[in-house]
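Report on the structure
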Amino acid sequence: MTEYNHLEVEKKWQEKWSESKIFESKEDSKKEKYYCLEMLPYPSGDLHMGHVRNYSIGDVYARFHRMKGKNVLYTVGWDAFGLPAENAAIKNKIHPAKWIKQNIACMRKQLKALGFSYDWNREITTCDPKYYKWTQWFFIKMWEKGLVFRKNANVNWCPVCQTVLANEQVSNSVCWRCDSHIEHKVLEQWFIKITDYADELLEGHKHLGEWSQQVLSMQKNWIGKSYGVEIDFKIPGSDKNLKIFTTRPDTIFGVTFMVVAPEHEIINELKSKIKNYKQVSQYIIASGRKSNIERVSNKKKTGIKIEGINALNLATKKEIPIFTADYVLTEYGTGAIMAVPAHDQRDWEFAKKFDIPVIEVIKGNNFDVSKHAYEDEGILVNSGEFSGIKSVDAFDVVSNWIEKQGFGKKTVIFKLKDWLVSRQRYWGAPIPMIYCDRCGIVPVSEKELPVLLPEDVEFTEAGKFHLKTNKTFINVKCPKCCKAAIRETDTIDTFVDSSWYYLRYCDSHNDNAPFVSVKADYWMPVDQYIGGIEHACMHLIYARFWFKVMRDLGFIKYDEPFTNLLTQGMVTIGGSAMSKSRGNIVNPDEILIKYGADTTRLFILFAAPIQKQFDWSFDGVEGCWRLINRVWCLFDVVNTKSIAVASHKDKNDILRAMHKTVKKVTFDIEKECQFNTAISSIMELVNELYLYKYHANDDGVSLEVYKTLILLLAPITPHLCEEIWEKLGNNEYISFHTWPVFDENMVKDSSIEIPIQINGKLKGKITISADASEIEVNKAVNSDEKISNYLKDKQIVKFTYVKNKIVTIVVK
RNA sequence: GCUGGGGUGGCGGAACUGGCAUACGCGCACGUUUGAGGGGCGUGUCCUUAAUCGGAUGCGGGUUCAAAUCCCGCCCUCAGCACCA
């Protein structure tokens, strides 16, 4: 047999698969469905190793389940709106649409060269009007349902470029393009009321038992449900109250100061009373330049005392100072806190810096609050009538008392914020809303959808697109009164596009609806979703939310979109993420050309466990290439019956090894998502077969094992396996051949080797029958020469046989 | 800072529910095949030792007959933090 020519073989099968359209799927109620989904890629230019990792996993699942006899939906699309296309447009003087189109063509070619078994007939692109028509349609549905609203929000504003900046476009409070200091500007924005679903998003975790604890706890924290108390602190000399939220009402007697966020309205409301207003407003401007992460992560707390006003703690009846400090965020709670330096480290640091008293109200064992805040449980002290009770009980006792006294009430708050979906950018789906002087805000009528994004726009060096000055776009008739009105020029956040694409895959070509329920009901929910861990919170919460809204609108009947989730680790290089901005992207083409798609796929699955980060290196690619060639060369070996050389391997040994491998590979793919160990066990079987290869008169055993081996490898290295399968005389595609089964009897060993530990140290091994009793084992141990030597002159304190695992003996 | 991961040979990693640490692969060394090179095939490869003994899973403690795995306290590192997707 000639040397394996990956270029020829891979091209041959890719063409065959494409021409025969075997991977195009249709609804078939008689067949069990399997929906395998990968996170929608952004067409950034070239495929990178993170994509290859993601889709190699997906393709293994898709192919594995096809072989298991399921009707598989597996396709791909493009998350094509968004910032990088605009940046490229400005940099290279190319229209975003054109840039995106080029990138998609390039990446599509690469995906095909990797042999992924996509149903290309269902491919979608989010910037295609046929797609975003329905994104806009959903937006209107949500508006009608009262889930869309407008309110003011802070944006990063570059005063020189006169444009809104994304967080990514700001580093160290400076605009990335012109280096000028950014400002925070308040603009009216569109929001979606995701907080209406906060509780359900949290409760829904109960039905996501197959998701990793890691993702669930990240989401839980992101949603951030906390039980606490809203408490009013009076401001003497004014009619204002300072409302705060705390999860620690038990510490109310330890409050020695208050902190409000720099954006807090009270500062403006009591402006006339504030003696150092000038300094305070300077501080507010300075903190406005920092990002939230900068504000919160700095260990050295900053802030300023607001002179002229105080707060009255109704628990202690004492007046305490009010500060403003940027470690308190306006978005969370009420934007103001009661500070308890003795029991919160952030407050403690602030108190030390500003020389504020620290009053201990929770007593811990041997703990000195003058050195550090005590944040654990304890007994209340210095707390009036509540002194002496346990802090765990105090939450209820104190908050009930506060409610009774009438200066606060128990409440639940979430960290989850309403979803800001408007973008002051060009390259996105236009928000389908119209401002009419008479009728107010009116949605575009359904028959006018999609609101097409005009293509004839200029973009300037400053990173600005002239959608607002495009008269044919903005001047419109009000759908209600037919008088002149103005169109919204903001576009929709791309996270909206990617919140429902998996439903469009179910019915990609429908021009009358986003999808029909019959099809969605058949394919949904997604059986296996695969993507990066970095999406654990935002995308995966938005998509779950969107799905629940659609359920409530009556479009689908399920509660959760993704049954199983596999979060792959990042592919890094030198320990840091590959990204266009870092310029450290490894293009898969190099190994694709040299070694082929099968080796590339095999390598990326074998190199590291899939959930873990994989630091890129070419070391090891050779080993995968070698395996493919060893498998290829075995074809001749199993067909050469004439060579009769004594083999030290028995027929039954190799059959047993085969059954064990089938069991291991099936389990690793289906249950454990452990592709690296599945592959290593296939490698072991190949090694076994090489040791066995020259066995005379093997009654076709080597051929049987070889066929099984090819079937096991088929989802991972499909081109090689199709080729060998054909050479073995099969006319059907291996891609649809039945997955091998194993015989449980052949997996069990009759005799096993058991280690023997004496006083916790390994001292020897014995071979016993698998069903031996403890008495028989004891006998075998005593008759072992080496062990009995150890046991001589010693008293046996304890003898334990853990069945099929270990013998331990404790001696004196 | 908060939240969530991770740390095992020269390297990527394996180890079921607490039960033989280092499977599989890379690299390296030696042998063999070959005119040579490449490639293939085979053997060896945690440290220490002639061998036994002994020691080793980021660091320090603890629980247990038995700990990479469980508990307590540290260190290092990666990811996310709401306008990148």
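Anything mentioned here points back to the structure above.
Quick summary incoming for the structure in this document.

Definitions and cut-offs
- Residues numbered from 1 in each chain as written.
- Chains lettered and ligands numbered in written order.
- Predicted model: local features only at pLDDT ≥ 70, side-chain atom pairs only at ≥ 80, totals over all residues.
- Heavy atoms only, no water.
- Near = heavy atom within 4 Å.
- Polar contact = N/O pair within 3.5 Å; in protein donor to acceptor, adjacent residues only side chain to side chain.
- Helix = DSSP H or I, 4+ residues; strand = E, 2+ residues; numbered from the N terminus.
- Axes fitted to C-alpha atoms, helices over the stretch in contact; angles between N-to-C directions.
- Parallel < 35°, antiparallel > 145°, perpendicular 65-115°, else oblique.
- Contact = heavy atoms within 4.5 Å.
- Nonpolar A, V, L, I, M, F, W, Y, C, P; charged D, E, K, R; others polar.
- Phe/Tyr/Trp six-rings, centres within 6.5 Å; stacked < 30°, edge-to-face > 60°.
- Left-handed = near helix turned anticlockwise from the far one by under 90°.
- Pairing = 2+ DSSP bridges.
- Buried < 20%, exposed > 50% of the residue type's maximum accessible area, 1.4 Å probe, protein only.
- Disulfide = S-S within 2.5 Å.

Some thoughts on the protein's contact with RNA strand B
As a structural note, the neighbourhood of RNA strand B is formed by 64 residues, with Asp79, Asn167, Ala607, Arg630 and Lys765 the closest of them. Counting only atoms of RNA strand B within 4 Å of the protein, the fraction found in sugar and phosphate groups is 64%. Lysine 417 is positioned with one of its backbone polar atoms (N or O) 3.0 Å from a base nitrogen of RNA strand B. One of the side-chain nitrogen or oxygen atoms of lysine 763 is found 3.4 Å away from a phosphate oxygen of RNA strand B. Tallying contributions element by element places helix 22 (residues 675-692) first for the surface near RNA strand B, with six residues.

Details of the packing of helix 1 (residues 6-20) against helix 24 (residues 718-727)
At their nearest, the axes of helix 1 and helix 24 sit 9 Å apart, and the two run at 85° to each other. With respect to helix 24, the axis of helix 1 lies roughly perpendicular. Of helix 24, the residues touching helix 1 (which contributes Val9, Glu10, Lys12, Trp13, Gln14, Lys16 and Trp17) are Pro718, His719, Glu722, Glu723 and Glu726. Here the contact of helix 1 with helix 24 is built from residues that sort into four nonpolar, two polar and six charged.

Some details on the side chain of aspartate 418
Along the polypeptide, aspartate 418 turns up in the loop between strand 18 (408-413) and strand 19 (419-420). Among the polar contacts made by the side chain of aspartate 418, one reaches the main-chain amide nitrogen of isoleucine 194 at a distance of 3.2 Å.

Regarding the packing of aromatic side chains
According to the stated counting rule, one finds 49 aromatic pairs in the structure shown. Three or more aromatic residues link up through ring pairs in this structure, and these residues are Tyr131, Trp134, Trp137, Phe138, Tyr197, Trp419, Phe495, Trp500, Tyr542, Phe545, Trp546 and Phe555.

Thoughts on the packing of helix 20 (residues 621-639) against helix 23 (residues 701-713)
Where helix 20 contacts helix 23, the axes come no closer than 10 Å and their chain directions differ by 160°. The orientation of helix 20 relative to helix 23 falls into the category roughly antiparallel. As for how helix 20 packs across helix 23, the hand of that crossing is left-handed. Contacts between helix 20 and helix 23 involve Val631, Trp632, Leu634, Phe635 and Val638 from the first element and Ser702, Leu703, Tyr706, Leu709, Ile710 and Leu713 from the second. Residue composition of the contact of helix 20 with helix 23, grouped by class: 10 nonpolar, one polar and no charged.

Here we look at the sheet that holds strand 31 (residues 751-758)
Spatial strand order, 32-31-34-33: four strands in an open sheet with mixed pairing. Every other strand in the sheet has two partners, leaving strand 32 (761-769) and strand 33 (796-802) as the edge strands with one partner each. Pairwise comparison of adjacent strand axes, ignoring direction, gives a mean angle of 20° for this sheet. With six bridges connecting them, strand 33 and strand 34 (residues 806-811) associate as antiparallel partners. Paired with phenylalanine 799 across the strands is isoleucine 809, a residue of strand 34. Of the strands in this sheet, strand 31, strand 32, strand 33 and strand 34 are in contact with helix 26 (residues 774-783), which crosses strand 33 at around 120°.

Examining the pairing of strand 10 (residues 226-234)
Within strand 10, seven of the nine residues are buried, which leaves the element mostly enclosed by the surrounding structure. Here strand 10 pairs with strand 18 via six bridges, running antiparallel. Bridge pairing in strand 18 links tyrosine 227 to valine 412. Sheet topology note: the strand 10/strand 11 (residues 241-246) ladder contains six bridges and is antiparallel.

Details of unusual backbone geometry
Put simply, leucine 449 and proline 450 share a cis peptide bond, and its omega is 0°. Among the secondary structure elements, proline 450 is positioned in the loop between strand 22 (440-443) and helix 13 (471-474). The linkage connecting methionine 524 with the following residue, proline 525, adopts the cis geometry, with an omega of -10°. With respect to the helices and strands, the residue proline 525 is situated in the loop between helix 16 (517-523) and strand 26 (528-532). Backbone geometry places lysine 21, a non-glycine residue, at a positive phi of 50°. Position of lysine 21 relative to the elements: it lies in the loop between helix 1 and strand 1 (33-38).

Considering the state of the cysteines
The tally for this structure, following the rule as stated, stands at zero disulfides. No disulfide involves cysteine 506; its sulfur sits 13 Å from that of cysteine 36, the nearest cysteine. In this structure cysteine 506 comes out as buried when scored by relative accessible area, which is 1%. Unpaired in this structure, cysteine 673 has its nearest cysteine sulfur neighbour in cysteine 36, at a distance of 11 Å.

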